[in-house]
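Residues per chain are reported as follows:
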Amino acid sequence: MKSAILVFPGTNRERDAADAIKLVSGKAPTMVWHQETDIPDVDLIVVPGGFSYGDYLRAGAIAARSPVIADLMKKAKSGITVLGICNGFQILTETGLLPGSLARNTGLDFLCHDVHMKVDNNQTRFSNKYAPGQIIRFPIAHHDGNYFADPDTLKKIEDAGQVVFRYCTPNGDISMQGNPNGSINNIAGLTNSDGNVMGLMPHPENLIDPLLGGTDGRIMFESLIGRAA
Amino acid sequence: MKARILITLKTGVLDPQGKAIQKALGSLNFDGIDGVRQGKVIEIDLAETNEVAARKQVSDMCDKLLANTVIENYDIELIPSAA
């Protein structure tokens, strides 16, 4: 599987994402600087986490207007797989590739700990190696992860099964108790209506090796590889 | 000409910062506060002198970058430069 990772000033998770992809695919991704206007022909484009442009104006707002974004939009619309993690998710909502928006966490704190999520839809190219309803554990590290969509948009997202992961308690209860940041309907990750673009706040790239405390995140990359193989 | 843009969260969008400010005001014994919403102000110095053209230009800026119209509203005030 050929892949590319977009890098903006302030991106800081690109090497973690590269390690995860290399571990499961054996091929190192190409790093693409935000000033480039062409992304190489690849099967997967990752928009990684970090604090692009210091979160100035709004998280992801300035990165979403970078030169590289025009080609990202073109490739996403042609069906190439795009994965946005954390700041990457914020950037993808700012480009309009994903619906809704990510606002300040309800508790106002920067959150840096593990969360549990339930696999709501395992029929996507990002989640096909998870069991339906599987409870998984990923780390989060964000200040603006509170997913919001207006009622009409939310209904469309839910009706179409675009929600892939929901925050839950360790027992799998999808409740406010298991919701770290106030996201509407406990949404932690969702796809676009075509299913080729996904964004999520938690970090799959940081749970890829037992040495790091678990491998729940690795399954996402294995899902993606399985599809491309 | 100067443009002053007021960006506010749409009704129905949760504003945790506004809530925290409201709580803090309460703890300072300011009573009777029904709600607090926090927004932002952006000021831009424009070369454009025509008000209609300036408003259109700034409105484009808001739609393309300055506001996230999924969750935010914007209001543009134009202030002519002092002669």
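In this convention, every chain numbers its residues from 1, walking through the sequence in written order. Each chain takes a letter, starting from A, and each ligand takes a number, starting from 1, following the order in which they are written. Thresholds applied to this predicted model are a pLDDT of at least 70 for local features of residues and 80 or more for the giving and counting of side-chain atom pairs; totals over whole chains, interfaces and linings are not thresholded and use all residues. Based on all heavy atoms of the structure, the side-chain values leave hydrogens and waters out of the count.

Engineer: Account for the sheet that holds strand β3 (residues 72–79) of chain B, with residues named and values stated.
Structural biologist: All names here are of chain B. Pairing between strands requires that DSSP locate at least two bridges from one strand to the other. Each helix is a run of H or I in the DSSP string that is no shorter than four residues. Each strand is a run of E no shorter than two, and both are numbered from the N terminus. Taking strand neighbours across the sheet as the criterion, the 3 strands line up as β2-β1-β3 in an open arrangement whose pairing is antiparallel. A single partner strand is all that each edge strand has here, and the edge strands are β2 (40–45) and β3. Within the sheet, the average angular offset between the axes of one strand and its neighbour, ignoring direction, is 20°. Sheet topology places strand β1 (residues 2–9) next to β2; 6 bridges connect them, and they run antiparallel. Bridge assignment links L6 to a residue of β2, and that residue is V41. Sheet strands touched by helix α2 (residues 51–66): β1, β2 and β3. Its angle to β3, the strand with the most contacts, is close to 150°. For every element, the axis is a line fit to its C-alpha atoms; helices are fit only across the contacting stretch, and the angle between N-to-C directions ranges from 0 to 180 degrees. It only takes one pair of heavy atoms within 4.5 Å for two residues to be counted as in contact.

Engineer: For the side chain of S52 of chain A, give the residues involved together with the corresponding values.
Structural biologist: Topologically, S52 of chain A is positioned in the loop between β3 (44–47) and α2 (69–77). With a 1.4 Å probe rolled over the protein chains alone, any residue whose accessible area is under 20% of its type maximum counts as buried; one over 50% counts as exposed, and the rest are partly exposed. Under the relative-accessibility criterion, S52 of chain A is labelled buried at 2%.

Engineer: Go over the pattern of salt bridges with me, naming the residues and quoting the values.
Structural biologist: Residues and elements named next belong to chain A. Basic side-chain nitrogens of Lys or Arg form a salt bridge, by our definition, when they fall within 4 Å of a carboxyl oxygen of Asp or Glu. Across all of its chains, the model carries 15 salt bridges over all chains by this definition. A salt bridge links K74 to D71; the nearest nitrogen and oxygen atoms lie 3.9 Å apart. Residue K74 and its partner D71 are both found in helix α2; the two are separated by 3 residues, about one turn of the helix. When its relative accessible area of 60% is taken as the criterion, K74 is described as exposed. You can call D71 buried: its relative accessible area is 5%. R137 serves as the salt-bridge partner of D114, at 2.4 Å between the closest nitrogen and oxygen. Linking D114 in strand β6 (residues 111–119) with R137 in strand β7 (residues 135–142), this pair joins segments that are 23 residues apart in sequence.

Engineer: I'd like a rundown of the sheet that holds β7 of chain A, residues and numbers included.
Structural biologist: All names here are of chain A. If you trace the 9 strands from one edge of the open sheet to the other, you get β2-β1-β3-β4-β11-β10-β9-β6-β7, paired in mixed fashion. Strands with a single pairing partner mark the edges of an open sheet, and in this sheet they are β2 (30–33) and β7. Adjacent strand axes in the sheet meet at a mean angle of 25° when their direction is disregarded. Examined bridge by bridge, strand β1 (residues 3–7) and β3 share 3 bridges and lie parallel to one another. Bridge pairing in β3 links I5 to V46. Each of β3, β4 (81–85), β10 (187–191) and β11 (197–200) is contacted by helix α3 (residues 87–95), which is oriented at about 120° to β4, the strand it contacts most.

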